[in-house]
Structure formats: structure tokens, C-alpha cells
Amino acid sequence: MEFSPAPVAAWAEKAQKDLRDTPLESLTWHTPEGISIKPYFTGEDISQLPFTAQRPGDFPFLRGRKTDKNSWLTMQQIKAAGKGTAAIDKAADALNRGADGIHFVIRDYKAFDVPYLVRTIDLCKHTISYTLPDSPHLFLERLYAHLSQHSISHRNLQGFINYDPLTLSGTLGKEASASMAKVLDLTKDSSDLYGISVNGTSFSSIGASTVQEIAYTLSAAVEYIDELTKAGQTLESVLRNMQFHLASGTNYFFEVVKLRVVRLLWAAIVEAYQAEPALAAKLQIHASSSSWYQTTLDPYTNVLRATTEAMAAVLAGCDSLTVLPFDSTFRQPDEFSERIARNVSLILKEEAYLHQAIDPAAGSYYLESLTRDLATKAWDLFQEVEALGGYQDAAERGFIFKSIAEVSRKKFSALATGKQVLVGTNKYGNPKEKIDFDPEQLIQSADFDTTRAAYPTEVMRMATELHLRKRKRRPKAIVAVIGESVQRRSHATFAQEFLKCAGFETVLQPYQTVEAASEQLLQAEAEVVVVSCAETAYAREFGPRLKTHKAKPTIIMADDPENMKDELIANGFDEFLFEDCDTASLLDLLHKRLVS
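Model, not experiment: these values are computed from the prediction.

Chemist: What exactly am I supposed to notice about the overall build of the protein here?
Modeler: Of the regular secondary structure elements, the protein holds 22 helices and 16 strands. Scaling as 2.2 N^0.38, a compact globule of 596 residues should have a C-alpha radius of gyration of about 25 Å, and the protein matches this with 28 Å. Burial status across the protein gives 53% buried among its 596 residues. Of the contacts made within the protein by residues no fewer than 6 positions apart, 76% connect residues no fewer than 24 positions apart. For the protein, the computed accessible surface area is about 26900 Å², with 51% contributed by carbon and sulfur atoms.

Chemist: Even after reading the chapter, I still don't get the layout of surface pockets, so can you show me in this structure?
Modeler: In this approach, a probe sized like a water molecule rolls over the atoms, and the result shows the empty space that is left. Estimated volume of the largest pocket: approximately 1600 Å³. What lines the largest pocket is a set of 48 residues, among which Gln 77, Lys 79, Val 105, Ser 291 and Asp 449 lie closest to the centre. Of the residues belonging to the lining of the largest pocket, the class tally is 17 nonpolar, 21 polar and ten charged.

Chemist: Help me understand a nonpolar patch on the surface, please; the structure alone is not making it clear to me.
Modeler: A cluster of nonpolar side chains, namely Val 421, Val 423 and Tyr 428, defines an oily patch on the protein surface of about 270 Å² accessible area. By the secondary structure assignment, Val 423 is in the loop between α15 (399-416) and α16 (439-444). Of the residues examined, Val 423 reaches a relative accessible area of 39% and is grouped as partly exposed.

Chemist: Would you explain the packing of aromatic side chains in this entry?
Modeler: Two aromatic rings are characterised by how far apart their centres lie and by the angle between their planes. Following the criterion strictly, the structure yields 20 aromatic pairs and no others. Here Tyr 130 and Phe 139 contribute two aromatic rings whose centre-to-centre distance is 5.0 Å and whose plane-to-plane angle is 55°, an arrangement assigned as tilted. Exposure remark for Phe 139: the relative accessible area of 0% places this residue in the buried category. Taking NZ or CZ as reference, Lys 349 lies 4.9 Å from the ring centre of Trp 72, over its face.

Chemist: Hey, could you run me through the sheet that holds strand β7 (residues 192-194) in this one?
Modeler: In any sheet, the strands associate via hydrogen bonds between backbone groups, in a parallel or an antiparallel arrangement. If you trace the nine strands from one edge of the open sheet to the other, you get β7-β6-β5-β4-β3-β11-β10-β9-β8, paired in parallel fashion. Whereas interior strands pair on both sides, the edge strands pair on one side only; in this sheet they are β7 and β8 (196-199). The mean angle between the axes of side-by-side strands here comes to 20°, regardless of whether they run parallel or antiparallel. Contacts between helix α8 (residues 210-230) and the sheet are confined to β8 and β9 (242-248), with β9 contributing the most and set at about 160° to the helix. On the sheet, helix α10 (residues 252-272) packs against β9 and β10 (284-289) and is oriented at approximately 160° with respect to β9.

Chemist: Sorry if this is basic, but what is going on with unusual backbone geometry here?
Modeler: Excluding glycine, a negative phi dihedral is what most residues carry, and trans is how most peptide bonds are arranged. For the peptide bond that leads from Phe 59 to Pro 60, omega is 10°, which places it in the cis range. Within the secondary structure layout, Pro 60 lies in the loop between β2 (36-37) and β3 (73-80). A positive phi is found at Asp 298, a non-glycine position, where the angle reads about 45°. Mapped onto the elements of the fold, Asp 298 is located in the loop between β10 and α11 (301-315). Of note in the backbone geometry, Tyr 353 takes a positive phi value of approximately 60° without being a glycine. Looking at Tyr 353, the relative accessible area reads 51%, which means it is exposed.

Chemist: Looking at this structure, how should I read the nonpolar core?
Modeler: One recurring pattern in soluble globular proteins is that nonpolar side chains are buried together. Counting residues in each nonpolar core, the largest one holds 84 residues, and the members touching the most others are Tyr 216, Met 242, Phe 244, Trp 266 and Leu 321. Tallying contributions element by element places α10 first for this core, with twelve residues. Those residues in contact with Trp 266 that sit more than four places away from it in its chain are Leu 218, Ala 221, Ile 225, Leu 239, Met 242, Phe 244, Ala 280 and Leu 283. Judged by nonpolar contacts, the second largest core, of 42 residues, contains Tyr 511, Val 514, Ile 556 and Leu 594.

Chemist: Can you help me understand the pattern of salt bridges in this one?
Modeler: Note that side chains of opposite charge can pair when their charged atoms are close. Throughout the structure, instances matching the rule amount to 26 salt bridges. Measuring nitrogen to oxygen at the nearest pair gives 3.0 Å for the salt bridge that ties Lys 90 to Glu 338. Placement of Lys 90 in helix α2 (residues 85-96) and of Glu 338 in helix α12 (residues 335-350) is noted, with a sequence separation of 248 residues between them. In this structure Lys 90 comes out as partly exposed when scored by relative accessible area, which is 26%. Its relative accessible area of 9% is what places Glu 338 among the buried residues. Beyond isolated ion pairs, a larger network of salt bridges with shared partners links Arg 63, Arg 260, Asp 359 and Glu 368.

Chemist: Would you take a moment to explain the packing of α8 against α10 for this structure?
Modeler: Between two packed helices, what matters for the description is the angle formed by their axes and the separation of those axes. Across the interface, α8 lies against α10 with an axial gap of 10 Å and an inter-helix angle of 30°. Taken as axis vectors, α8 and α10 run roughly parallel relative to one another. The element α8 and its partner α10 pack so that their crossing is right-handed. Within the contact between the two elements, α8 uses Thr 210, Glu 213, Ile 214, Leu 218, Ala 221, Val 222 and Ile 225 and α10 uses Phe 254, Lys 258, Val 261, Val 262, Leu 265, Trp 266 and Ile 269. Per-class residue counts for the contact of α8 with α10 are eleven nonpolar, one polar and two charged.

Chemist: Where do I start with the sheet that holds strand β14 (residues 528-532) in this structure?
Modeler: Taken in spatial order, the five strands line up as β13-β12-β14-β15-β16 in an open sheet, and their pairing is parallel. Each having just a single partner strand, β13 (505-511) and β16 (575-576) make up the two edges of the open sheet. As paired elements, strand β12 (residues 476-482) and β14 share five bridges and run parallel to each other. Within the sheet, the bridge partner assigned to Ala 477 lies in β14 and is Val 528. Along the sheet, helix α19 (residues 514-521) contacts β12, β13 and β14; its crossing angle with β13, the most-contacted strand, is approximately 145°.

Definitions and limits used
- Residues numbered from 1 in each chain as written.
- Predicted model: local features only at pLDDT ≥ 70, side-chain atom pairs only at ≥ 80, totals over all residues.
- Heavy atoms only, no water.
- Helix = DSSP H or I, 4+ residues; strand = E, 2+ residues; numbered from the N terminus.
- Rg over C-alpha atoms; globule rule 2.2 N^0.38 Å.
- Buried < 20%, exposed > 50% of the residue type's maximum accessible area, 1.4 Å probe, protein only.
- Contact = heavy atoms within 4.5 Å.
- Areas by Shrake-Rupley, 256 points an atom, 1.4 Å probe, with all protein chains shown as cover.
- 1 Å grid on protein atoms, 1.4 Å probe; cavity = no way out; pocket = protein on both sides within 12 Å on 5 of 7 lines; lining within 4 Å.
- Points joined across faces, edges and corners; volume = space filled by probe spheres on them.
- Nonpolar A, V, L, I, M, F, W, Y, C, P; charged D, E, K, R; others polar.
- Patch = residues over 30% accessible without salt bridge, like charges linked within 9 Å, V, L, I, M, F, W, Y side chains within 5 Å.
- Salt bridge = Lys/Arg side-chain N within 4 Å of Asp/Glu carboxyl O.
- Phe/Tyr/Trp six-rings, centres within 6.5 Å; stacked < 30°, edge-to-face > 60°.
- Lys NZ or Arg CZ within 6 Å of the ring centre and 35° of its normal.
- Pairing = 2+ DSSP bridges.
- Axes fitted to C-alpha atoms, helices over the stretch in contact; angles between N-to-C directions.
- Core = buried A, V, L, I, M, F, W, Y, C linked by side-chain atoms within 4.5 Å.
- Parallel < 35°, antiparallel > 145°, perpendicular 65-115°, else oblique.
- Left-handed = near helix turned anticlockwise from the far one by under 90°.

Shown next, in the form of C-alpha cells:
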């Protein structure tokens, strides 16, 4: 049986009929990247796109360079302190248990035991990569010297050298540039060892948008091309050695499209340099699960986040993948969490068979359209940076990190108002969760990532945990609903959920009058009293009564004060809590009062 094609107008007419009085346009999603996502897409949306007929392996490599299977390397990231022998032993064990490669994050390259590494791991068989704090050429010279002593050819090395001062500091000094040039000289015969890494994670980990991550990563890469070719390196050598490290976040379809856009725009840049088009295919993309979305509270939810993040990166055609352990925000990952992280990638390959499909998003009306929109936005921002003189000049003027700060503030605001949800952190918290670490020590630790989306809520939760440990009880919050009203109940429910996620023991108590509520609450032991009452007279009356409470709780109104904020504060209220309000100042107030 054949079906006649339905024109777009027919779809729109049927959708509008089903929606009744709701305008179809109201379903359009306006993203932080400035892209409008329609409620549906059709073949007409991609009929004029030039890249829809392209195949995997064809320039500009939007669909990747892979033509056989969508294979990727499962890379385990391991921090190496001191001599790093324990890290090397852990790496050898991981390679025997499913990891395809290791990414060592080395704090002190001078102390790192290179001879032990060469003896313990077959560097010609496994992909081994290194993040180095400075002077990467000196570490590589040591490595090559020990390989030579054991008659091992450096030509067979596989992996990457991750040293990226540009995205960290915004500048590339002469010493750093010279060191990177020497790395390229050393690796010229090691075709599978990439000497240049550009870390888009430096942007995404502090809240950058997808457009910013793409544009600034490309801009930094162009800066490296220009600086290293000025230093005497050939354009071919620089392009052959280029690798991007990008984080995969929770915005699933955007993350799938992101890597496609990076390859598409990188090909345009290679073409602009009049280099051999095939060099664009040399770009290596290493993906990792996002640190921005990792949470300390209810940490097992990180396993679920990381799974969808990893899946997006794999479907987009990443070359290698690192899944961060679910507990890495608050402790040194153990054998269990590292195994689970490693197995996420293995399951996607061995059980979900995602390595069998190259660019499964091909032909999707939505994703092909999104590829065009995201590429256009990212290219416009890339050109804006170039117009400012390139990455270094734009960074020195403050353009790059100020623009990221603006976006991250909006993201924090969306989390604070509940518009964006982090399950287990700002919604659906686990009130019975037992924290098995020292909250005070963690907050004061230099390793505790304060740039993550969950950080403001977590600090509040740590304060309630400290209260529990010191006073042997959780801080208590009473949500008092005075009178009958659906709106009041809604505000009260929101307040109760919010305070539960902040770690408070919360109790919802209904009252018919202000007098009854105040008489009861004046005797109650509670650190926070939330009042939900619509009448202005109630609000003016309640605050002054509760001011005489011996424990002096924080008094919050569960409603929008509109133009009465100053008057209500004068009448005893400390803060206001309602859906879509910015809870950042309230979290800060509660935190200060609990720890004081």
C-alpha cells in the first residue's frame, strides 16, 4: 500500500487543530545559542542543504573519515602524582580489562618514572597519551631516549600530547611556542602520535555554549597554525598533528551535531589555508563526558548522564572517548567507579553495536537542519574573533572569557529558577542520601571544581550536612500554608522541594488563620519558616509576630513580592521563594546563617 506525501501545510493544519487554542509557534524552542528549534521538521527543511548527499570519507568530512566501521578507542584517564608508579600499574590493569588506551594526567613530568612506564606497558601496542603542565618536549625527549635504550621504535607510538596554554591562559609565550615546535620535530616520524591538542573542554567546563565551544576551539587552533608556521614548522606538519578535545554534555542532539559541525568548519579552515583537502581528515577528535554537568550529590546519576553523553559523542563519530568516573568530583575514583566508567564505553560498542553504524543521524530532517544552524552561528562567532585579531588578541581584550561568563550566568540562573534541572541536585533530591566524605574538607579543597553547574546548590547542601554532624539533626524547615488556594499550594510545594534538595528536613503545615499559624510556629524549632499566604494583610501581620521567635529562624515568603519587597522585608521577611525566582541569593543567605 502506498501513501501519498503530506504537504507541510497539511501537517501544520493538523497540528494546530490538535493544539486547539495554543499557537503552533509557541512550541518553538529558543536555545541559549540563539537557535530556534521548530516543533517539527520536514524534507523541505533540508532540500536546499548542500551537504545532505555527502558520504562518510568525503570532503569536507562532516560525516567523518571512517568508511568501514564507527570504531573508537576507550580511553581511561588516570592522574599520575609523584613518580606515577601506582598510576602506571593501574593503567596496565585497565588495559587488561577493556581499555584501548590510557590518558595520563601528569603533574610533575620530571618525577614521572618513564623507565618504569616503558618496562610495564607496551607503548607500541597501546594508545598512550599524556597531559603535561609545561615543557612537553623535555618529557618527550626522555621518553624517546628510554625507548631507544630498549630498541623500541618511536615511529609506532600512538596517542597525543596534551599541552594547551592558549585555552588555559589566553596567551602563547615564546617558550611555550618553542616547546610545541620541538614536539612537532620529535613526532614527525610518529604518524599516530598527535603533538597539538586544543581543549574545547576549557570552555565547556566553565559553562560556554555549544557555539562558543566550537568557535573558540577553532580560533585557538588557527592561532596555533599561525604561530607554529611562523616558528618554522610546515603547514602540513601542523595540520597532521592537530587534535581537539571536546566535552560531550547532556543536550543530546546538540552534542551529536557538534562534532559534525567541528569537522565541517575545520575543513573550511584547511581549505582557506590552501592546504591539501585530505589533511582535514587528519583531525583527531577526543571526546570526554562533561565535567560541567557532573554532580557531587546523588552521584550515581552521573552514570546515567555519562551514558547519554558518551552515546552522543560516539554517534557523532569521535575517535576516542573518556567517560569520567561518577565520583570524581568528591574523591579519588576507586576501582569500582573506574570500571563502571570504562564499561559505559564498552557496552555501547560490545552490546549496543554502535560501532557498526557510521553517522546514523544522516538524513534526519531535524539534525541536518541543526547542523546548518549551528555551523552558521559558530562560523559567525569564529569570524568575529578573527576580526578582533585572532584568539590571543580577543582573549587579551577579555572578549572570550567575558562572553562565556555571560552565558554561564544565564545557565546558573536557569538552574537557580528550576528552568533547567539537574536530577538529584536541584530537583528530585534524595533526602535519605548519606554523605560519606567530609563536606568541610571537600569545600576547602583546591581540587573541588567550583565551576560546575551544581556547585551553588552543593555548597548549601554541604552546610546542612555540617549542621547535621555538629548538632546531630538536620536543619528543619516548616512550610506554613495559610488559607486555601491552589496558587498557595503550588508555591508551598515548590518551596518544600527546593528546601529538601538543599538538605533540610521539611514539614508542610496547613493553617486557617495567621493567628493560629503564628501561635504554633512561635513554639516550633526550625531554622527556616516559609509562609505561603496571598493576602497582603496576612503577610504584614505574620512577619512581626514571628520576629519574637527565640531561635530567630529565617523567614521566607513563598510568593512573588512584586512591588512590596521593601515593605515586606521591613515587616520581618528575609527572602522570597517562588517558581522562576533566582534562588542564588537565598541559597547564599541560608548558607551563611547555617555556618555562622
